[in-house]
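Notes for the structure review
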Amino acid sequence: MRTWQLVVFGVTVHLIFFYSIFDIYFTSPLVHGMTPFTSSSNPPAKRLILFVADGLRADKFYEPLENGKFVAPFFRSVIENKGVWGVSHTRVPTESRPGHVALIAGFYEDVSAVAKGWKENPVEFDSVFNESQYTWSWGSPDILPMFSKGASGDHVFMDYYPSEHEDFAAADASKLDTWVFDKVKIFLLEANKDPALMKKLQKDKIVFFLHLLGIDTNGHSHKPFSQEYLLNIAAVDSGIQEISQLFEEFYHHDNRTAYIMTADHGMTDWGSHGAGHPSETLTPLVAWGAGIRGPRAPDHKSKPNEDGFSKKWKLDHLKRSDVQQADLSPLMAALIGVAYPVNSVGVLPLEVLDIPLPDQAEAMFANAQQILAQFKVKMEQKQRTTLSQTFRPFLELTDDKQVLHTRNIRNLIKDGLYEEAIEESQHLIQLALRGLGYYQNYDRFLLGLSITAGFVGWGFYILTLILRDHVGFSNKRTFFDEMNSPFLLSRTFIRGLAAAVAMVITVLLIVQSLPWTYYLYCLVPVLLWMLVLERWHIFVTAINKQWNTSGIPAIGTVVMCLLGLEAVVAGFFYREIFSVGFIAIGVWPFWAYRSRSTNQYAWLVICLMLSVFPLLPVVGRQSNYYLVLLAGVVALIIGAVIARVYLKDAKGAKMRLMQLTILLAAIYNLWSVSSSIKRKEGLHWFNQLVSWTILGSSILVPLLNPTHVLPRLFSIAFAFFPVYLLMSLLQEGLFIVCFCVVLYLWIQLEKDVHNTKGKNLLTTDFAVPPSGERHVVAEDIRRSLFYIFFILVAFYSTGNIASINSFEPAAVYCFLTVFNPFMMGALLMLKNILPLVLVACSFRTVQILTHIPNRALFLIVMIMSDFMALNFFFLVRDYGSWLEIGTSISHYVIVMCMNIFLMILFGVSHFLTTIQIKLKNSL
């Protein structure tokens, strides 16, 4: 198989393996076709007003200031005199869209939305807004439309500001909240002049939704402990006080309005959110008005909250009512008497309500029936796609048990045993939720087994190619060899067996009406293992040769390589292991070779310096632009020395001078932008133009330089570094400077090891293929392991992907400050990719100097990366905390993306090192 055919085949197989994660772990939990259940026939409120303060932390909202006063005095008065307070516990990912969906629709993150970039939900869903008579909403264009999009009819109205208003560099982001409050005031004034609108506003079952984004924006820009963040909370407090008074006056104090104030997520001290830190998952909840109980003293019989926050917040004298975020959806439905959203998995928090006990029992029973309806639909769907002989029902909630539970609850309510009915309803809810999880994961074992077989089959297939084409084990089989082979090992039998297995699998899948992707997951392993078994004699030949000639060194190298890969896998969980890895490869030349050189000592020193970086915090600190500017100055000095001393005789001197000038412009631009942001003057158009110009030139400039090794590597590094510098906040810039040095020393050491000391890097041409390619040796396995290590260190060690929380929006302030998740995400991903390209170009240099075939290195790296991917596939978990579940899945996705990207990297590095654009006037 030619190299390009192998790449296409490999990318296809890996895309299938990668996509399998969507069917195994990223399938939507939502089902449709359920009958809605009305929450309450005697609702206590006619209308509900929901305030969501985006990005508001519970502690910053509740805790007293240094002077003993409170940042939100109005809400403090509500808590102490007429309402309920507590903490709403969110789930991972703590992002705006998932949080609002949980609040308003009652279900947690639909993980299939990962393909949508968390921007919108990929499956239509029901919500409190949809079930209401009318809903009016004001706020962000990123949140409001998704709830009107899925609403049936024309009863959800929204008014949102332009997305350009969401500027992280704005002087005062609280204006976003002021805009909302002003719009509500205007709305109420116009209602008095519009009879049609007034008629709608007098209806029952209506909702007003105020989405307040200013706190989140100020938190990202200035951090949650800043004065701007606290002042924004105070502004929201006074704004909500005014709005609630206006609504009371508008409805003539009829005591039929319920108010709920909460947040979609919190925020870390360093101004980010998305993971599971308590500062992100603990959000405030304050409710008051119709149907909401008043303040109570703590019930000492119940288990107290163990986090100890109430005492710090000086609220330990009042009962705290904590809820799960999705529980607020059934709470809102029960307050105004609409049907529970059919997709909700929230449990009605009765302790928040102030309604008669019979109504509590009826509302909780309706809640149980609504969740049970989802369970029934889920069970029926799975039963239709599974052979009746093999279907395994959820034994705790079979059809008979469902009938018994519902009948028992009805009888308890009929007999007036309301407390017992509530307990039984809550028990039924827990059973239904467990059953939903059971059927959600029903096919996981089958799919996991198929993908595992595929991974192992692919690994052995690649191994046959390495042994056949790059180690010297012949694959030639004569007709007589085939005739003399046992029938069970003949090619005819193997292919016939594979065809029979594929036919049986296809029939079973057709009978069960499973998705078409399941065919790929089950049939690809059959194809791969057929290709492996057809080449069984290659393995026999390899084993015999290693047995006859002492194969201990080769086996030892393989074992050490596997241990090294396992250490790299562990580095995803414990970044300190990357530090140990740098120390180990730092002493490698002294252990492997007796001769000593200056390069070896320099290599050791730089590796020891790099071992410090994985130990440094990547999140939780303020941006330090002085550190970044220092990295730029150091790179500028190093670049000038290299150009003056080492490249003085190489072509392209004017081009190198231009690149150093571009780096100088990037240093100035970063200083200018950081100063402007600090003065709250925003991003100037000139600075933005300079940043985008530097980014655009980063691809073109290397292609204008000669294709000789050292000049081209210099050009690539100094084209990418200014772009990386513009997106650095802490130590990343210094890391890349040291990292480029270690890559250069790696090239020099491999050059010395392979006895190519006389080869001049100034004259060796990337565009001229090396002659005299050789077979793979044990050293090439070590080189490939180094490549994998450097790739992952460049991608992971400085914290670019250490956590969702390391994605700091301030990193792209040189390019844009207005909120644009896709553009910001693309720039941050580019920041992660640039160091990988540097490693790939260095690895190509090693390949040229050591005369190993490019295809051989490609195959070795591929089999190593697949070994790691299989590790992470087994480490994916669906139990424990949501943070642990999400982290395990993201690790697998990262490694699979890396596997696919590694194939592309070989092509990218070839393009960047061999292509030259020649201008008429040579530079």
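This is a predicted model, so every value here is computed, not measured. (Residues numbered from 1 in each chain as written. Predicted model: local features only at pLDDT ≥ 70, side-chain atom pairs only at ≥ 80, totals over all residues. Heavy atoms only, no water.)

1. Looking at the overall build of the protein
On a plain count of helices and strands, the protein comes out with 33 helices and eight strands. Here the protein holds 923 residues, and the buried ones make up 56% of them. With the model as given, the accessible surface of the protein reaches about 39,300 Å², and the carbon-plus-sulfur share is 62%. (Helix = DSSP H or I, 4+ residues; strand = E, 2+ residues; numbered from the N terminus. Buried < 20%, exposed > 50% of the residue type's maximum accessible area, 1.4 Å probe, protein only. Areas by Shrake-Rupley, 256 points an atom, 1.4 Å probe, with all protein chains shown as cover.)

2. Some points on the nonpolar core
Within the largest apolar cluster, 166 residues are counted, with the highest numbers of intra-cluster contacts made by Phe17, Trp458, Trp603, Phe739, Tyr787, Phe790 and Tyr892. When residues no more than four places from it in sequence are discounted, the contact partners of phenylalanine 17 are Ile451, Gly454, Phe455, Trp458, Val524, Leu528, Tyr892 and Met896. (Core = buried A, V, L, I, M, F, W, Y, C linked by side-chain atoms within 4.5 Å. Contact = heavy atoms within 4.5 Å.)

3. Observations concerning the sheet that holds strand E8 (residues 323-324)
Strand pairing in a sheet is mediated by backbone hydrogen bonds. Such pairs are either parallel or antiparallel. With mixed pairing, the eight strands of this open sheet are ordered in space as E4-E3-E5-E1-E6-E7-E2-E8. The sheet is open, and its two borders are formed by strand E4 (156-160) and E8, each paired with just one other strand. Summarising the sheet, strand E1 (residues 47-53) and strand E5 (residues 206-212) pair through seven bridges and their orientation is parallel. Looking across to E5, one finds that phenylalanine 51 is bridged to leucine 210. (Pairing = 2+ DSSP bridges.)

4. Concerning the packing of aromatic side chains
Under the counting rule described, the total for this entry stands at 60 aromatic pairs. An angle of 80 degrees between the planes, with centres 5.3 Å apart, marks the rings of phenylalanine 582 and phenylalanine 789 as edge-to-face. Here phenylalanine 582 is found in helix H23 (residues 576-592), whereas its partner phenylalanine 789 is found in helix H30 (residues 778-797), with 207 residues between them in sequence. Among the residues examined, phenylalanine 582 registers a relative accessible area of 0% and is labelled buried. For the ring pair phenylalanine 786 and phenylalanine 790, a centre distance of 6.3 Å and an interplane angle of 75 degrees mean the geometry is edge-to-face. In this pair, phenylalanine 786 and phenylalanine 790 both sit in helix H30, four residues apart, roughly one turn of the helix. (Phe/Tyr/Trp six-rings, centres within 6.5 Å; stacked < 30°, edge-to-face > 60°.)

5. Here's the deal with the confidence of the model for the protein
It should be kept in mind that the predicted coordinates are not to be read in detail where pLDDT is low. Taken over all residues, the pLDDT of the protein has a mean of 85, while the share at 70 or more is 88%. The low-confidence segment residues 800-805, where pLDDT is below 50, has 28 contacts with residues more than four positions distant or belonging to other chains. (pLDDT = per-residue confidence, 0-100.)

6. Observations regarding the environment of leucine 188
Take leucine 188: it is sitting in helix H7 (residues 175-191). When the C-alpha positions of leucine 188 and leucine 246 are compared, they lie 8.2 Å apart, and in sequence the two are 58 residues distant.

7. Some details on the environment of leucine 870
Along the polypeptide, leucine 870 turns up in helix H32 (residues 854-875). For leucine 870, a relative accessible area of 16% translates into the label buried. Contact partners of leucine 870, with chain neighbours within four places excluded, come to Thr452, Phe455 and Val456.

8. Some details on the pattern of salt bridges
Two side chains bearing opposite charge may form a pair once their charged atoms approach each other closely. As enumerated under the stated definition, the model contains 24 salt bridges in all. With a shortest N-O distance of 2.7 Å, glutamate 732 and lysine 831 are connected by a salt bridge. Pair noted here: glutamate 732 is in helix H29 (residues 732-753) and lysine 831 is in helix H31 (residues 821-850), with a separation of 99 residues, a long-range link. Using a relative accessible area of 8% as the deciding quantity, one classes glutamate 732 as buried. Since its relative accessible area comes to 5%, lysine 831 is described here as buried. (Salt bridge = Lys/Arg side-chain N within 4 Å of Asp/Glu carboxyl O.)

9. Things to note about the side chain of histidine 273
Relative to the assigned elements, histidine 273 resides in the loop between strand E6 (257-262) and helix H11 (278-281). A polar contact is formed between the side chain of histidine 273 and the side chain of histidine 220, at a distance of 3.1 Å. (Polar contact = N/O pair within 3.5 Å; in protein donor to acceptor, adjacent residues only side chain to side chain.)

10. Points about the side chain of asparagine 669
Inspection of the secondary structure assignment puts asparagine 669 in helix H26 (residues 653-678). When its relative accessible area of 1% is taken as the criterion, asparagine 669 is described as buried. Excluding residues that lie within four positions of it along the chain, asparagine 669 makes contacts with Asn687, Val690, Ser691 and Leu726.

11. Structural notes on the environment of lysine 203
By secondary structure assignment, the location of lysine 203 is in the loop between helix H8 (195-201) and E5. Taking the relative accessible area as the measure of exposure, lysine 203 reaches 31% and is therefore partly exposed. In sequence terms lysine 203 and glutamine 133 are 70 residues apart; their C-alpha atoms lie 7.5 Å from each other.

12. Structural notes on the packing of helix H15 (residues 399-414) against helix H16 (residues 418-440)
Two elements in contact, H15 and H16, have axes separated by 8 Å at closest approach and are oriented at 160 degrees. By the angle between their axes, H15 is roughly antiparallel relative to H16. Both H15 and H16 take part in a crossing whose hand is left-handed. Residue-level contacts link His405, Thr406, Asn408, Ile409, Leu412 and Ile413 of H15 to Tyr418, Glu420, Ala421, Glu424, Ser425, His427, Leu428 and Leu431 of H16. A breakdown of the residues in the contact of H15 with H16 according to their chemical character gives seven nonpolar, five polar and two charged. (Axes fitted to C-alpha atoms, helices over the stretch in contact; angles between N-to-C directions. Parallel < 35°, antiparallel > 145°, perpendicular 65-115°, else oblique. Left-handed = near helix turned anticlockwise from the far one by under 90°. Nonpolar A, V, L, I, M, F, W, Y, C, P; charged D, E, K, R; others polar.)

13. Structural notes on unusual backbone geometry
Even without being glycine, lysine 223 reaches a positive phi, approximately 80 degrees. Along the chain, lysine 223 turns up in the loop between helix H9 (214-222) and helix H10 (227-250). Even without being glycine, histidine 851 reaches a positive phi, approximately 65 degrees. In this fold, histidine 851 is placed in the loop between H31 and H32.

14. So, H16
At 3.6 residues per turn, the α-helix brings residues three or four places apart onto the same side. For H16, with 23 residues, the first-to-last C-alpha span of 33 Å sits near the 33 Å given by 1.5 Å per residue. Within the span of H16, buried status applies to Ala421, Ile422, Ser425, Leu428, Ile429, Leu431, Ala432, Gly435, Leu436 and Tyr439. Looking at the packing, one finds that the buried side of H16 touches helix H14 (357-384) and H15. (Expected span 1.5 Å × (residues − 1).)

15. Here's the deal with helix H3 (residues 73-81)
Buried within H3 are the following residues: Phe74, Phe75, Arg76, Val78 and Ile79. Each element contacted by the buried residues of H3 is listed here: helix H2 (58-62), strand E2 (83-89), H10, E6 and strand E7 (282-289).

16. Focus on the pairing of E5
Buried residues dominate E5, accounting for seven of its seven residues. Of the two faces of E5, both are covered, the one formed by Ile206, Phe208, Leu210 and Leu212 as well as the one formed by Val207, Phe209 and His211. Looking at chain direction, strand E3 (residues 134-139) and E5 are connected through five bridges and run parallel. Along E5, the bridge assignment pairs tryptophan 136 with phenylalanine 208.

17. Regarding the packing of H29 against H31
Taken N-terminus to C-terminus, the directions of H29 and H31 make an angle of 10 degrees; their axes are 9 Å apart at the nearest point. As the angle between them shows, H29 and H31 are arranged roughly parallel. Contact residues: Glu732, Ile736, Phe739, Cys740, Leu743, Trp746, Ile747, Glu750 and Lys751 in H29; Lys831, Pro835, Leu838, Val839, Ser842, Phe843, Thr845, Val846, Leu849 and Thr850 in H31. Considering only residue class, the contact of H29 with H31 consists of 12 nonpolar, three polar and four charged.

18. Details of the pairing of E3
E3 sits mainly inside the fold: six of its six residues count as buried. Burial of the side chains of E3 extends over both faces: Tyr134, Trp136 and Trp138 are buried on one face and Thr135, Ser137 and Gly139 on the other. The pairing of E3 with E4 spans five bridges and is parallel. Paired with serine 137 across the two strands is methionine 158, which belongs to E4.

19. Quick look at a nonpolar patch on the surface
A cluster of nonpolar side chains, Val633, Ile637, Val641, Val645 and Tyr646, forms an exposed patch at the surface whose accessible area comes to about 450 Å². With respect to the secondary-structure elements, valine 645 resides in helix H25 (residues 625-646). (Patch = residues over 30% accessible without salt bridge, like charges linked within 9 Å, V, L, I, M, F, W, Y side chains within 5 Å.)

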